[in-house]
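Summary of the model geometry
Here are the chains, one letter per residue:
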Amino acid sequence: MIITQVVKDEFIPSKSTLDEIEILKLCIQGNKRAYDIIVKRYMKRAYFVAFGFVSDKDAALDLSQDAFIRAYRSIKKFDLRIKFFTYYYQILKNLCFNFLRDKKKHTRAFSEVGEEIIEMISDDESYSNKYEKIELKEKLWKAINELDDIHREIIILKEFNGLSYSEIAELLNIPIGTVMSRLYHSRMLLRKILTGGKL
Amino acid sequence: MNAMQNKISKERFNILCMKALDNEFNSDNEILEFQEYIKKIPEFKIEYEEFKRIKELTKKMNLRSPNDDIWKVYRMKIMNRIERSIAWIIFLAGCAIILAFGGYKAIEALLNNTRIDLILKIGIIATLSGGLFLLLSVIKEKITLWKSDPYKGIEK
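A brief structural summary. (Residues numbered from 1 in each chain as written. Chains lettered and ligands numbered in written order. Predicted model: local features only at pLDDT ≥ 70, side-chain atom pairs only at ≥ 80, totals over all residues. Heavy atoms only, no water.)

1. Overview of the pattern of salt bridges
Quick note on the threshold: What makes a salt bridge here is a side-chain nitrogen of Lys or Arg within 4 Å of a carboxyl oxygen of Asp or Glu, nothing more. Helix numbers and strand numbers start at the N terminus; a helix is a DSSP run of H or I with at least 4 residues, a strand a run of E with at least 2. A 1.4 Å probe rolled over the protein chains alone gives each residue an accessible area, and that area as a share of the maximum for its type sets the label: buried under 20%, exposed over 50%, partly exposed in between.
As enumerated under the stated definition, the model contains 20 salt bridges over all chains in all. Among the ionic pairs, E20 of chain A bridges to R41 of chain A, the shortest N-O distance being 3.6 Å. Remark: R41 of chain A occurs in helix α3 (residues 32–54) and E20 of chain A occurs in helix α2 (residues 20–28); sequence separation between them is 21 residues. With relative accessibility at 37%, the residue R41 of chain A sits in the partly exposed group. With a closest N to O distance of 2.7 Å, R187 of chain A and D22 of chain B form a salt bridge.

As structure tokens, this is what we get:
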């Protein structure tokens, strides 16, 4: 009843008074301002996930926007028992994979991606030489991009988005045990690439 | 039996190793179990140390967020495109109504026109009806194909 009133008045209470389910209920009823709150909440995470997949700033911005628009178009079918980002993530992932398939490119060299997009936290004393740091960044970026989609995906979610095991499990719809074993294999592959296959 | 036990303990170690790296231990027992592995099996310790180095390296590497102006435009673009798609639906619905009404009026005028021969009226109506059925048939086919197309999500 309260929700219906809110929709009629096109009034959105402050974010803190609405939890995600309430906001999504408003979105399902066609309230675009409520959807803007959802976009604002997840846009940065969406961008980072997309960037992790496509390694292209502009494409990541476009693809994550497209995914938000597609998610809104089918929001009426949205199941309120799942989290929005889980639903959104599937759309975004498909768009990113389609983009890569279409462009026939999986990796971009570090020099193309540029320091504007990836930064190294600079208070690191162990790598005194600036060039050594850049070389390390390059190596790691290259190694991550050499991973196949499934292993790269989990590294992106864990290392660059800081998601917990349970969050990753929910997002990928896999058990936590699978998250851990997939992470193990991804890290093992990274280790192998970084050490030049000498394992 | 020994090989199988080794395999099990390696698999268990892999899980504990990930939990140690990501600070995801569920209990103190798990921490003790992990420490026990590290102490007893040197290869496991080496593996853990190497994973730790990679983890530290990725921790130091951050994806930089675009500036605030970009985010403002980003949200605006999404909202505009959503609004536009609704506007397109309304526009197309309007076009359909106008075309249907116009078509109805044109046929009505044709039938009421006494200066045109009946045979010509039949010819015109048959041509238009045939064209309309052909168009509807093509649209129907396209929709059916699109619905069952497993690659419809792939942008060409």
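Still more ground to cover, so stick around.
2. Some remarks on the interface of chain B and chain A
Inclusion rule: Two residues qualify as a contact provided that any one of their heavy atoms is within 4.5 Å of a heavy atom in the partner residue. Once two parts are joined, some of their accessible surface, as seen by a 1.4 Å probe, is lost; buried area is that loss totalled over both. Side-chain atoms alone can form a polar contact between residues adjacent in sequence; in general such a contact is a pair of N or O atoms within 3.5 Å, and within protein one must be able to donate a hydrogen while the other accepts it.
Taken together, the contact pairs 41 residues of chain B with 55 residues of chain A. Area buried by chain B at its contact with chain A is led by M61, L63 and R64 of chain B, which between them contribute 17% of it. There are 7 salt bridges connecting chain B and chain A. Close ionic contact of D36 of chain A with R75 of chain B constitutes a salt bridge, the shortest N to O distance being 2.7 Å. Linking chain B with chain A are 13 residue pairs in polar contact (both at pLDDT 80 or more), by the criterion used here. Mapped onto the side of chain B that touches chain A, the elements with two or more residues apiece are α1 (2–22), α3 (42–60), β1 (61–63) and α4 (68–112) of chain B.

3. Digging into the packing of α2 of chain A against α3 of chain A
Residues and elements named next belong to chain A. Just so we agree on the cut-off: Fitted lines through C-alpha atoms serve as axes, helices being fitted only where they are in contact, and the angles separating the N-to-C directions of these axes extend from 0 to 180 degrees. Oblique is the label for any angle not covered by the other classes, which are roughly parallel (under 35 degrees), roughly antiparallel (over 145) and roughly perpendicular (65 to 115). Less than a right angle of anticlockwise turn of the near helix away from the far helix marks a crossing as left-handed, whereas a clockwise turn marks it as right-handed. The classification used treats Ala, Val, Leu, Ile, Met, Phe, Trp, Tyr, Cys and Pro as nonpolar, Asp, Glu, Lys and Arg as charged, and all other residues, Gly among them, as polar.
Relative to each other, α2 and α3 sit at 130°, their axes nearing to 8 Å. Judged by the angle between their axes, α2 and α3 are oblique. Pair α2 / α3 crosses with left-handed handedness. Across from E20, I23, L24, L26 and C27 in α2, the residues of α3 making contact are A34, Y35, I37, I38, R41 and Y42. Of the residues belonging to the contact of α2 with α3, the class tally is 9 nonpolar, no polar and 2 charged.

4. Observations concerning a nonpolar patch on the surface
Residues and elements named next belong to chain B. The condition is simple: Note on patches: the residues involved have over 30% relative accessible area and no salt bridge, like charges join within 9 Å, and the nonpolar side chains Val, Leu, Ile, Met, Phe, Trp and Tyr join within 5 Å. In short, Shrake-Rupley with a 1.4 Å probe defines the accessible areas, and a residue's cover is counted only from the protein chains shown.
On the surface, I107, L111, I119, L120, I124 and L128 cluster together into a nonpolar patch covering about 560 Å² of accessible area. Secondary-structure elements contributing two or more residues to the nonpolar patch are α4 and α5 (118–147). Looking at the element boundaries, I124 is found in helix α5.

5. Regarding unusual backbone geometry
Residue and element names in this part refer to chain A. Located in the positive-phi region is S55, a residue other than glycine, with phi close to 55°. By the element assignment, S55 lies in the loop between α3 and α4 (57–73). Positive phi outside glycine occurs at N173, with the angle close to 55°. By the element assignment, N173 lies in the loop between α9 (165–172) and α10 (176–194). Under the relative-accessibility criterion, N173 is labelled exposed at 68%.

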